[in-house]
Amino acid sequence: MAAIELRGVVKRFGPITAVDGLDLDVPEGICLGLLGPNGAGKSTTMRLLTGQAIPDAGELRALGHELPGDSKAARAEMGVVPQLDNLDVDVTVEDNLAVYARLYRVEDVGAAVDRGLALARLTERRRDAVDELSGGMRRRLLLARGLIHDPKLILLDEPTVGLDPQIRTELWSLIDGLRSGGTTILMSTHYIEEAERLADEVALMNEGRIIARAHPAELIAAHAGTHTAEVYGPPERLTEVRGIAEEQGLRVRPAGPAIAIVGSERAGNGAIPEDAVIRAATLEDVFVLLTGEEAE
Amino acid sequence: MRTATTAMRRLEPAAIAGVMSREVANFRTYWKGTTFSSVLEPIVYLLAFGLGFSATLVDEVNGLPYVEFVGTGMVATAVIFSSALPAMFGTFVKHRFQNTYDAILAAPVDVEELVTAEMLWIGVRAAVYGCFPLIVTIGFGLNPAWGMLLVPLFCFFTALGFAGFGVAMAATVAKIDQFNYVTALCITPLFLVAGTFFPIDGLPEGVQVVAQLNPLHQLVELVRGGAFGFEAVDLARFAFLLGFALLTWRIAIKRMTLRLID
């Protein structure tokens, strides 16, 4: 049974269609990365799954529960880690966890709090107010709060957005631990590296629908080949190189100050300048080619 | 570890208790300041109005010493200021600035339970704070009476009503500064035309009729009934407060649902 099943889901906000006929299955026990640019509909999809948004059309099921009708029962079995830090900052670390253990009807609140503190590595700080914690500690606490009831399904909404690389790496190891333990995870992100490192499968979302989905390596092979050539130089030269590459049917995308010729292994003579930097194709190449957006 | 296998139904006590436990955890961090002002304010008002007016302008009102008249009326003032205002500002801040409700609604809690819990917590708190002016007035010479034991109950239901009003307002305004209109156009008139500082039977007839629809006025009369003796009409006053609480509860749930669920 799929942990999440979405069929033809549509969600509009006035004239804007945030989710546009979305079909999505998340099998049990995998980590699916929902990758897309800002405004792709990822957060709206998350809100639809927690019953905080009502679809205009389509069918949704989470853990066997029809949504939004049976959303409360579904929420009891899923954990949510939000994009924004919404901890109670004046309250102690342990009270933050205890409140959510009660909201999730956990039978042994004390044991759940101890487990959450251990997971967040905050046992020593349990009686400190949250506003005394560092950014990384707060993020770990937020994650532990979402897992306080040992959920079958976890929704991670941009779990590391706005964090510095060190804290991001710390969280990745925590999330990877959950994934290895067999918990089903749906993780929205617009960070390529996050999706590559954590997701068993990546679903690329743009303008409210899934435009590609596979294991990261398969996505790269299918859409970007094996190698990408990055060419640096003045704009006139880049325009000339782009023209030649495109004449050979190669796809070219901007890459900051350079251009990236995707699938460069297929290039004929003269298409790739000698000073080009050849590297392995990445999910970022796929992302930019398919969404037209610069990756982060 | 697993969660209790409770059937998911509407208005679950466990969900309401969970939301209230969050309020209690937060209250433990700021109760001193709130309680200090709730005790001090009636003392200041009693000194300013009660002793000041009775020494210079008013000796008695409706056969009551002015200090006792104001002191019993101040219960209503304490209730509205510890219910409507925290409900308005607290709800707005938790929703717009702290994103607290997003986190709560991601748990198995629905908007009806969330609003009910918020109102109950404010009601309980205001029921306690509403008693302070009465206790202070006893210190100024008011004789204790058995009927006063019902005052927390009257305060609780009035506060529930104003908490519902405050939550509904928080779900309606677009910006926090729009609460200035609510305060100026609703709360201040209700507070002034409640019969706290002067009897409303001296007001123009039209204003008297409007004042009868003021829940604070009904509370003032009930508190005075508790202190000086109830009348049959007090049952109707209590029923009015119950109706007010019920009405604002449903309106608050409807407004918050529109605000919180896309």
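Residues numbered from 1 in each chain as written. Chains lettered and ligands numbered in written order. Predicted model: local features only at pLDDT ≥ 70, side-chain atom pairs only at ≥ 80, totals over all residues.

This brings us to the overall build of chain B. In terms of helices and strands, chain B carries 10 helices and two strands. Going from N to C terminus, chain B has its helices and strands arranged as α-β-β-α-α-α-α-α-α-α-α-α. Compactness check: chain B gives a C-alpha radius of gyration of 19 Å against a globular reference of 18 Å for 262 residues, within 12% of the reference. Projected onto its principal axes, the C-alpha coordinates of chain B cover approximately 65 × 40 × 35 Å. In chain B, buried positions account for 48% of the 262 residues. Relative to all contacts within chain B whose residues are 6 or more apart in sequence, the contacts with residues 24 or more apart total 80%. (Helix = DSSP H or I, 4+ residues; strand = E, 2+ residues; numbered from the N terminus. Rg over C-alpha atoms; globule rule 2.2 N^0.38 Å. Buried ≥ 20, exposed ≤ 12 C-beta atoms within 10 Å, placed from the backbone. Contact = placed C-beta atoms within 7 Å.)

Counting from both sides, the interface comprises 31 residues of chain A and, opposite them, 30 residues of chain B. Those elements giving two or more residues to the side of chain A that touches chain B turn out to be α2 (71–77), α3 (93–103) and α4 (109–120) of chain A. Among the elements that make up the side of chain A that touches chain B, the one with the highest residue count is α3 of chain A (five residues).

Here we come to helix α8 (residues 216–224) of chain A. All names here are of chain A. Among the residues of α8, P216, L219, I220, H223 and A224 are the ones counted as buried. For α8, the arc enclosing every buried residue in end-on projection is 100 degrees, short of the 170-degree limit, so these residues lie on one face. Along α8, exposed side chains directed more than 90 degrees from the buried face belong to A217 and A222. In this structure, the buried residues of α8 make contact with α7 (192–198), β9 (201–206), β10 (209–214), β11 (227–231), β13 (258–262) and α10 (283–291). At the C-terminal side of α8, G225 shows a positive phi close to 70 degrees. (Arc of directions from axis to C-beta.)

Attention shifts here to the environment of P82 of chain A. Residue position: P82 of chain A is located in the loop between β6 (78–81) and α3. Separated by 78 residues in sequence, P82 of chain A and T160 of chain A have C-alpha atoms that sit 9.9 Å apart. Look past the residues within four positions of P82 of chain A in its chain and what remains in contact with it is D157 of chain A together with D102 and A103 of chain B.

What follows concerns the packing of helix α5 (residues 135–146) of chain A against helix α6 (residues 165–180) of chain A. Residue and element names in this part refer to chain A. For the pair α5 and α6, interaxial distance at closest approach is 10 Å and the crossing angle is 25 degrees. Classed by the angle they form, the pair α5 and α6 counts as roughly parallel. Judged by the twist between their axes, the crossing of α5 over α6 is right-handed. Along the contact surface, α5 presents G135, G136, R139, R140 and L143, while α6 presents I167, E170, L171 and L174. (Axes fitted to C-alpha atoms, helices over the stretch in contact; angles between N-to-C directions. Parallel < 35°, antiparallel > 145°, perpendicular 65-115°, else oblique. Left-handed = near helix turned anticlockwise from the far one by under 90°.)

Residue and element names in this part refer to chain A. The four strands are arranged β12-β13-β11-β14 in an open sheet whose pairing can be described as antiparallel. Since the sheet does not close on itself, it has two edges, and those belong to β12 (251–255) and β14 (277–280), each with one partner. With direction set aside, neighbouring strand axes in the sheet form an average angle of 30 degrees. Here β11 runs beside β14; their pairing, made up of four bridges, is antiparallel. Within β14, the position partnered with E230 by the bridge is V277. Contacting β11, β12 and β13, helix α9 (residues 235–247) runs over the sheet at an angle of about 10 degrees to β13. Docked against the sheet, α10 engages β11, β12 and β13, running at close to 105 degrees with respect to β12. (Pairing = 2+ DSSP bridges.)

It is worth spelling out the confidence of the model for chain B at this point. Taken residue by residue, chain B gives an average pLDDT of 90. The fraction at 70 or more is 95%. Reported confidence for the predicted complex is 0.85 by ipTM and 0.88 by pTM. (pLDDT = per-residue confidence, 0-100.)

The next subject is the sheet that holds β6 of chain A. Residue and element names in this part refer to chain A. Read from one edge of the open sheet, six strands run β6-β7-β8-β3-β9-β10, paired in mixed fashion. One side of each edge strand has no neighbouring strand; the edge strands of this open sheet are β6 and β10. The sheet shows a mean angle of 15 degrees between the axes of neighbouring strands, taken without regard to direction. Direction of pairing for strand β3 (residues 31–35) relative to β9: parallel, over a ladder of four bridges. Paired with L35 across the strands is L204, a residue of β9. Sitting on the sheet, helix α1 (residues 42–49) touches β3, β7 (153–157), β8 (184–189) and β9, and the angle it makes with β7 is about 145 degrees. Together, β6 and β7 form the strand contacts of α5, whose direction differs from that of β6 by roughly 160 degrees.

A few words on the packing of helix α5 (residues 111–139) of chain B against helix α10 (residues 233–260) of chain B. In helix packing, the relevant descriptors are the interaxial angle and the interaxial distance, both defined with respect to the helix axes. All names here are of chain B. Viewed as axis vectors pointing N to C, α5 and α10 meet at an angle of 130 degrees, and their least axial separation amounts to 9 Å. By the angle between their directions, the pair α5 and α10 is classed as oblique. For the crossing formed where α5 meets α10, the hand is right-handed. Residue-level inspection shows V111, E112, V115 and M119 of α5 in contact with α10, the latter providing W249, A252, I253, M256, T257 and L260. Here the residues of the contact of α5 with α10 sort into eight nonpolar, one polar and one charged. (Nonpolar A, V, L, I, M, F, W, Y, C, P; charged D, E, K, R; others polar.)

Our focus in this paragraph is the nonpolar core. Counting 165 residues, the largest nonpolar core has A62 and I261 of chain A together with V75, A159, V167 and L219 of chain B as its most contacted members. The greatest single-element share of this core, amounting to 15 residues, is contributed by helix α6 (residues 151–172) of chain B. When residues of this core are assigned to domains, at least three fall in each of domain 1 (2–220) and domain 2 (226–280) of chain A. Filtering out sequence-adjacent residues up to four positions away, I261 of chain A remains in contact with T228, A229, V231, A245, L250, V252, A267 and I272 of chain A. (Core = buried A, V, L, I, M, F, W, Y, C linked by C-beta atoms within 7 Å. Domains from an automatic or database assignment.)

In terms of domain boundaries, chain A breaks down into domain 1 (2–220) and domain 2 (226–280). The distance between the C-alpha centroids of domain 1 of chain A and domain 2 of chain A comes to 38 Å.

Residues and elements named next belong to chain A. Summarising the sheet, strand β1 (residues 2–13) and strand β4 (residues 57–62) pair through five bridges and their orientation is antiparallel. Bridge pairing in β4 links V10 to A57. Of the strand pairs in this sheet, β4 and strand β5 (residues 65–67) are connected by three bridges, and their pairing is antiparallel. In the strand pairing of β5, R61 is matched with E66.

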